[in-house]
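Chain by chain, the residues run as shown.
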Amino acid sequence: MRRLFVHLFCLLCSITLFAEDSPISGSWSGKLELRNGKSLKLVFHISDEGQEVTLDSPDQGVKGIPLDMKYISDDSLNCTNGAMLMSFSGKLKEGKIEGSFFQRGVTIPLTLSRGEVIVKRPQTPVLPFPYTTEEVQISNDSVSLSGTLTIPENADKNTPVIIMITGSGLQNRDEELFEHKPFAVIADFLARQGIASLRYDDRGFGKSTGDVLNATTADFADDARMALEWIQSAGRFGKTGVLGHSEGGQIAYMLGAEKSVDYIISVAGPAIPGTQTIAYQNKNALLKSGVDEKTAANFAEAIEKGFNYKITHPEKLSVSGSLIAELYPQYKQNAFTMRLAETLRQMLEDKSTNPWMIYFLAYNPKADMTNITVPALIIYGEKDKQVPPSLNLVPAREYLPSAKIICYPELNHLMQHSETGDVEEYSTIEETISPRVLSDIATFINSIK
């Protein structure tokens, strides 16, 4: 879940532009040492002509940010990004660009060295493949999904096939994040086990089209349904299922309840309402920042009650002091809780809350999960800090007792082995997905009769 669940530290910077044949052209990388003890790797790409410059932030999974140049020469530069309220100035010295990064009143030294950041992703599939792939286009009147169909050797009408559904936030067919490509890794592994798969770019992203500004989880479920019907109508494969990650896991529940699939796999899919997930994530963020357990728990409870109120009172555009007191009775304890109360008020009065968020907050998977009769595999990571098993395992077992449910020790939301499970670790972990998870998915699919 990226739209809501991945709260990244969005501190970025810039640089670029110059004279022909300048020593500053090419790719430069450096590490921004932040005041919280963490760091942020940055990569700048300067074209040979100096007319185009882009910035990558590998730790945040961000690529190709355009930069504005104020000044550049053979050995100096000054650039800004107005939207981010920042600037960078540097001078070439002994093969490095030494300079300062400035943003919102904070100045941090930044030294750039020639070359890009090398990111190791050993599980990413590389040619040649012992299977075939087909580029496909699946369309209706309003949406066109562009995807990749992966077909094992000797596939026939008995070959099982699975459709992959990404998590929240716009993602490509590989569900790419921090140069990890989990859906490509899964497709590769399954093909080697005799299982076909279809993965596609989200609507309005990559090569797919469609309205995304007003889209909700229900709309993304419609897209998955369209892909499912396309696969089934082709008649090329056997048992057909869906595998969804995070928000996609909830969509797997939706399709499973419709009895339109032969099996479902939910990877880190919430089994609780969105209001509870948001409350947990805010509590976890406060605890990480050093807030005591009781204060964090009280505010999390206030958030859950507040968003439940917003769902039932969508016409309310302002929040009174009496309502805040009702939702968060502890708000007068000290200056910090008063600031939390103001944050709560702003959250509830936010007029920009989009249709996706409203749907996510209100959706309760219980009704769909209790109506699933097809074989189901539900997977959680013990260290998941976005969809924690501590809140989801019990309801999942209650709502879908026939499912095979696995909670893997040491794994995070992406099913990587991790130390803390925090979002900040995703980019630093070389493993894209646990081999055991891959094996269990393939074994489950091949067990469907």
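Residues numbered from 1 in each chain as written. Predicted model: local features only at pLDDT ≥ 70, side-chain atom pairs only at ≥ 80, totals over all residues. Heavy atoms only, no water.

1. Things to note about helix 8 (residues 355-362)
Residue pairs spaced three or four apart in an α-helix point in one direction, given the helix's 3.6 residues per turn.
And step 1. The complete set of buried residues in helix 8 reads W356, M357, F360 and L361. Viewed along the axis of helix 8, the buried residues span an arc of 125 degrees, placing them on a single side of the element.
And step 2. Turning to helix 8, the residues buried within the fold contact helix 2 (217-234), helix 3 (247-257), helix 4 (274-288) and helix 5 (293-312).
And step 3. Where helix 8 begins, the capping side chain belongs to N354, and its oxygen is found 3.2 Å from the backbone nitrogen of W356. (Buried < 20%, exposed > 50% of the residue type's maximum accessible area, 1.4 Å probe, protein only. Helix = DSSP H or I, 4+ residues; strand = E, 2+ residues; numbered from the N terminus. Arc of directions from axis to C-beta. Contact = heavy atoms within 4.5 Å. Polar contact = N/O pair within 3.5 Å; in protein donor to acceptor, adjacent residues only side chain to side chain.)

2. Topic: the confidence of the model for the protein chain
And step 1. In this model, the protein chain carries an average pLDDT of 90, and 94% of its residues clear a pLDDT of 70 or more.
And step 2. In this model residues 2-20 is a low-confidence stretch, pLDDT under 50, and it forms 98 contacts with partners more than four residues away in sequence or in other chains. (pLDDT = per-residue confidence, 0-100.)

3. Focus: the sheet that holds strand 2 (residues 39-46)
And step 1. Reading across from one edge, 4-3-2-1-9-8-7-6-5 is the order of the nine strands in this open sheet, with antiparallel pairing throughout. Edge positions in the sheet fall to strand 4 (62-66) and strand 5 (68-72), since each of these pairs with one other strand and no more. The sheet shows a mean angle of 25 degrees between the axes of neighbouring strands, taken without regard to direction.
And step 2. In the sheet, strand 8 (residues 96-103) pairs with strand 9 (residues 106-114) via eight bridges, with the strands oriented antiparallel. (Pairing = 2+ DSSP bridges. Axes fitted to C-alpha atoms, helices over the stretch in contact; angles between N-to-C directions.)

4. Quick word on the packing of aromatic side chains
And step 1. For the structure on display, the rule yields seven aromatic pairs.
And step 2. Each ring, one from F129 and one from Y131, has its centre 5.0 Å from the other, and the planes form 5 degrees; the classification is stacked.
And step 3. Look at Y131 and you get buried, because its relative accessible area is 10%.
And step 4. With a centroid separation of 6.0 Å and an interplanar angle of 15 degrees, the aromatic rings of Y359 and Y363 are classed as stacked.
And step 5. On the accessibility criterion, Y359 (28% relative accessible area) is partly exposed. (Phe/Tyr/Trp six-rings, centres within 6.5 Å; stacked < 30°, edge-to-face > 60°.)

5. What about the sheet that holds strand 13 (residues 196-200)?
And step 1. Spatially, 10-11-13-12-14-15-16-17 is the arrangement adopted by the eight strands of the open sheet, whose pairing is mixed. A single partner strand is all that each edge strand has here, and the edge strands are strand 10 (131-139) and strand 17 (404-408). Across the sheet, the mean angle from the axis of one strand to that of its neighbour is 20 degrees, orientation sign disregarded.
And step 2. Sheet analysis places strand 10 next to strand 11 (residues 144-152), joined by nine bridges and oriented antiparallel. What sits directly across from E134, in strand 11, is L149.

6. Some details on the pairing of strand 13
And step 1. The buried fraction of strand 13 amounts to five of the five residues, a majority that puts the element mostly inside the structure.
And step 2. In strand 13, alternate side chains face the same way, and those of A196, L198 and Y200 on one face and S197 and R199 on the other are all buried.
And step 3. When strand 11 meets strand 13, the two strands line up antiparallel, connected through four bridges. Bridge assignment links T148 to a residue of strand 13, and that residue is R199.
And step 4. Bridge count for strand 12 (residues 161-165) against strand 13 is three bridges, and the pairing is parallel. Bridge pairing links I162 to S197 in strand 13.
And step 5. Since strand 12 and strand 13 lie parallel, the crossover through helix 1 (residues 182-192) that links them has a hand, and here it is right-handed. (Right-handed = clockwise from strand over helix to strand, strands pointing away.)

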